[in-house]
Amino acid sequence: MILEIDAGNTFIKWRLVCNNTAVQSGAVRTPLFEPGSFDTLAEYAIQQVLAGSVAGVEFERALVDVCERLWSLTPLFARTQSLCGRVKNSYADPSKMGVDRWLAMVAAYDRAECQVIVVDCGSAITIDFVSKDGQHDGGYIIPGLRLMQESLLRNTAQVRFDESVSNLLYVPGTNTAEAVMHGAAFTLNGLALSIRQKADAEGAQLFITGGDGALFHKMAGAGQYLPDLVLEALPKVCLS
Ligand SMILES: Nc1ncnc2c1ncn2[C@@H]1O[C@H](COP(=O)(O)OP(=O)(O)OP(=O)(O)O)[C@@H](O)[C@H]1O
Ligand SMILES: CC(C)(CO)[C@@H](O)C(=O)NCCC(=O)O
Ligand SMILES: [K+]
């Protein structure tokens, strides 16, 4: 049994994989992660822990301790590489690129083996372009839906995330909260349409993941939404 972990700035997502099949999965809010968070998995015979993290060194240290305590093993952390299979990084210093972006690109390219556009709608929205021969042609990092709203609503603290069901609406708002939340959704919608257009024009396959990925997928009306895309490439990247 293998425990795979994708640690982002909002959620730490995990799944248990047995014979290449996910048998259980879950998520912990990153700020609420504590050494006991994985105690419910203590009973499983976990032979390997593979992790990709953009959540900082403290999380990595905590995970090392947890794995030692629960299963007497050391987790393997994926690191952004300059090359993995045919996928070539465009960063002069690959260590500066979030490993979640790299993992998603490697997984998407492995599936398509042609030109891909990879969109991860998490705390941040990242959009990465990989050519048909595997060259990363660069990408974008944009504040995610929640960050867009929070950056504007920091001074109207009563507006809570639960109200953002209206994220799905992007008609012009008739109060501040609506104007801000619908504005964020309107921005995401514009982004989705422009990415779809680019994918269509270039004949690229579009891969979408992340907490707001389902919404982006709906807005784009194209591409594949794969919630576990970042986890998929963990074995390849950790073990190469
Ligand atoms: N219940 C929820 N609580 C918080 N955010 C949610 C929830 N449901 C959807 N979201 C959206 O999902 C986003 C977080 O997505 P995700 O879990 O993919 O982020 P992450 O991988 O932790 O972030 P990153 O990798 O960018 O650091 C939030 O910004 C928010 O817009
Ligand atoms: C952009 C995020 C936060 C998306 O999760 C992550 O990939 C990250 O921390 N990246 C580091 C900066 C970069 O990728 O250039
Ligand atoms: K992510």
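Conventions we followed
- Residues numbered from 1 in each chain as written.
- Chains lettered and ligands numbered in written order.
- Predicted model: local features only at pLDDT ≥ 70, side-chain atom pairs only at ≥ 80, totals over all residues.
- Heavy atoms only, no water.
- Helix = DSSP H or I, 4+ residues; strand = E, 2+ residues; numbered from the N terminus.
- Polar contact = N/O pair within 3.5 Å; in protein donor to acceptor, adjacent residues only side chain to side chain.
- Near = heavy atom within 4 Å.
- Areas by Shrake-Rupley, 256 points an atom, 1.4 Å probe, with all protein chains shown as cover.
- Nonpolar A, V, L, I, M, F, W, Y, C, P; charged D, E, K, R; others polar.
- Core = buried A, V, L, I, M, F, W, Y, C linked by side-chain atoms within 4.5 Å.
- Buried < 20%, exposed > 50% of the residue type's maximum accessible area, 1.4 Å probe, protein only.
- UniProt positions renumbered as here; feature names shortened; annotations may be inferred.
- Contact = heavy atoms within 4.5 Å.
- Pairing = 2+ DSSP bridges.
- Right-handed = clockwise from strand over helix to strand, strands pointing away.
- Domains from an automatic or database assignment.
- Salt bridge = Lys/Arg side-chain N within 4 Å of Asp/Glu carboxyl O.

A. Molecular detail of the environment of Asn89. You can see Asn89 is positioned in the loop between strand S7 (87-88) and helix H2 (99-112). Separated by 108 residues in the primary sequence, Asn89 and Gln197 place their C-alpha atoms 24 Å from one another. At a separation of 2.9 Å, a polar atom in the side chain of Asn89 contacts the main-chain amide nitrogen of Tyr91.

B. The site of ligand 2, seen in detail. Surrounding ligand 2, one finds Asn9, Val54, Tyr91, Lys96, Met97, Gly98, Asp100, Arg101, Thr126 and Ile141. Asp100 is positioned such that a nitrogen or oxygen atom in its side chain is 2.5 Å from an oxygen atom of ligand 2. Arg101 places a side-chain nitrogen or oxygen 2.8 Å from an oxygen atom of ligand 2. Here ligand 2, which alone exposes 390 Å², has 73% of that area covered by the protein. Of the residues that constitute the shell around ligand 2, the class distribution is four nonpolar, three polar and three charged.

C. Fine view of the nonpolar core. Membership of the largest hydrophobic core comes to 27 residues, with the highest contact counts inside it found for Trp102, Leu103, Leu229 and Val237. Those elements giving two or more residues to this core turn out to be H2, strand S8 (116-121), helix H6 (229-232) and helix H7 (234-238). The element contributing the most residues to this core is H2, with 10 residues. Ile117, Leu188, Leu215 and Met219 belong to the second largest nonpolar core, which has 22 residues in total.

D. Region of the structure containing the UniProt feature "active site" (unreviewed entry) in the protein. Within the UniProt annotation, "active site" (unreviewed entry) is assigned to Asp100. Note on placement: Asp100 falls in helix H2. Excluding anything up to four places from it in sequence, Asp100 contacts Val54, Asp120 and Val230.

E. Up close: the pairing of strand S11 (residues 205-209). Most of S11 is tucked away: four of the five residues are buried. Inspection of the sheet shows S11 paired to strand S12 (residues 224-225) by two bridges, in the parallel sense. Among the inter-strand pairings, Ile208 is bridged to a residue of S12, identified as Tyr225. On the question of chirality, the crossover connecting S11 to the parallel S12 by way of helix H5 (residues 213-220) is right-handed.

F. Geometry of the site of ligand 1. With respect to spatial proximity, 17 residues lie near ligand 1, and among them Asn9, Thr10, Lys13, Ser123 and Asp212 are the closest. At a separation of 2.8 Å, an oxygen atom of ligand 1 approaches a polar backbone atom of Thr10. Here ligand 1 loses 84% of its free accessible area of 650 Å² to cover by the protein chains. For the shell around ligand 1, the class distribution of residues is five nonpolar, seven polar and five charged. Counting contributing residues per domain, the shell around ligand 1 is built from domain 1 (2-77) and domain 2 (83-145 + 167-235), each supplying no fewer than three.

G. Inspection of the pattern of salt bridges at higher detail. Applying the stated criterion across every chain yields a total of 12 salt bridges. As a salt-bridge pair, Glu4 and Arg15 come within 2.7 Å of each other at their nearest N and O atoms. Placement of the pair is Glu4 in strand S1 (residues 2-7) and Arg15 in strand S2 (residues 11-18), with a sequence separation of 11 residues. As far as burial versus exposure is concerned, Glu4 and Arg15 are alike and both buried.

H. The arrangement of the pairing of strand S3 (residues 21-29) in detail. Relative to S3, S2 runs antiparallel, the two being bridged by eight bridges. Residue pairing in the sheet places Arg15 in a bridge with Ser25 of S3. Counted along the chain from S2 to the antiparallel partner S3, the turn is two residues long, and its residue Asn19 has a positive phi close to 50°.

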